[in-house]
Amino acid sequence: MTEHMQDVMTFLSCMLFLYASRIDPKLKIAGTLLAALLAMMFVRESDALLDRYVYDGAWQTIVCFILVSVFIFLWGKFSTIYASLKAYSETACYGTCLSGVVIVLAFSRMMGRNSFWTSVMGDHYMRVVKDIVEEGTETLGYTLILISAIELVLICRRNRARALAAK
């Protein structure tokens with residue numbers, strides 16, 4: 001259940017970042033990069049499913065395809081990458097997203113290390129405790145990312161409405 005919820009949150013975040021990139025020209029590159037990151041996270045989270053129904057290691061091929069697509073998208077736009085990322089860093093949702101990414105990519109990985117749990121629990125080591133903490137931490141990170149994606153869409157829609165009203 002938890003992993004399915006993480007898949008849903010990752011997919012929704014990806015779609016929301018992609019939507020935000022389409023409605024705010026200043027955030028087009030930043031939104032697309034965040035959408036690509038979340039797409040890669042979604043594919044990685046779906047590893048077991050891909051191994052079972054496609055082939056073992058299919059996630060790596062899909063992630064490479066996403067990376068190549070991102071490089072093709074960015075080709076010739078190198079001068080605008082910094083401006084778009086700077087514009088995103090000035091939004092209210094930037095810190096929330098960054099916190100979520102750090103939790104998912106760094107903190108949950110540290111909390112999922114067997115060596116950490118065996119040193120903490122000693123002879124009373126229970127894998128289920130490690131799994132609960134690791135998955136709970138990942139869910140917290142994905143929740144923060146989803147909240148930031150929703151907030152970014154709201155910011156972009158507000159900015160778009162203001163721009164249309166000013167015309």
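Here's what I pulled together on the structure shown here.

Definitions and limits used
Residues numbered from 1 in each chain as written. Predicted model: local features only at pLDDT ≥ 70, side-chain atom pairs only at ≥ 80, totals over all residues. Heavy atoms only, no water. Helix = DSSP H or I, 4+ residues; strand = E, 2+ residues; numbered from the N terminus. Buried < 20%, exposed > 50% of the residue type's maximum accessible area, 1.4 Å probe, protein only. Areas by Shrake-Rupley, 256 points an atom, 1.4 Å probe, with all protein chains shown as cover. Salt bridge = Lys/Arg side-chain N within 4 Å of Asp/Glu carboxyl O. Core = buried A, V, L, I, M, F, W, Y, C linked by side-chain atoms within 4.5 Å. Contact = heavy atoms within 4.5 Å. Polar contact = N/O pair within 3.5 Å; in protein donor to acceptor, adjacent residues only side chain to side chain.

Describing the overall build of the protein
- Summing up its helical and strand segments, the protein has 8 helices and 0 strands in all.
- Starting at the N terminus and ending at the C terminus, the protein contains elements arranged as α-α-α-α-α-α-α-α.
- Counting the 167 residues in the protein, one finds 40% classified as buried.
- A total of about 10,000 Å² of accessible surface is found on the protein, and carbon and sulfur atoms cover 69% of it.

Comments concerning the pattern of salt bridges
- Taken as a whole and judged by the stated rule, the model has 6 salt bridges.
- The partner of Glu138 in a salt bridge is Arg109, and the shortest N-O contact between them spans 2.8 Å. In this pair, Glu138 is assigned in helix H8 (residues 127-166) and Arg109 in helix H6 (residues 94-111), connecting sequence segments 29 residues apart.
- Residue classification places Arg109 among the partly exposed positions, given a relative accessible area of 35%.
- In this structure, Lys130 engages Asp131 in a salt bridge whose closest nitrogen and oxygen atoms are separated by 3.2 Å.

Some words on the nonpolar core
- Counting residues in each nonpolar core, the largest one holds 38 residues, and the members touching the most others are Phe17, Ile66, Tyr88, Ile145 and Leu152.
- Of all the secondary structure elements, the ones that give two or more residues to this core are helix H1 (2-23), helix H2 (28-45), helix H4 (58-74), helix H5 (78-89), H6 and H8.
- It is H2 that contributes the most residues to this core, 10 residues altogether.
- Look past the residues within four positions of Ile145 in its chain and what remains in contact with it is Ser13, Phe17, Leu38, Cys97, Gly100, Val101 and Val104.

Concerning the side chain of Glu138
- By relative accessible area, which is 4% here, Glu138 ends up buried.
- A polar side-chain atom of Glu138 sits 2.8 Å from a polar atom in the side chain of Arg109.
- Among residues more than four places away in sequence, those in contact with Glu138 are Gln6, Glu45, Val104, Ser108 and Arg109.

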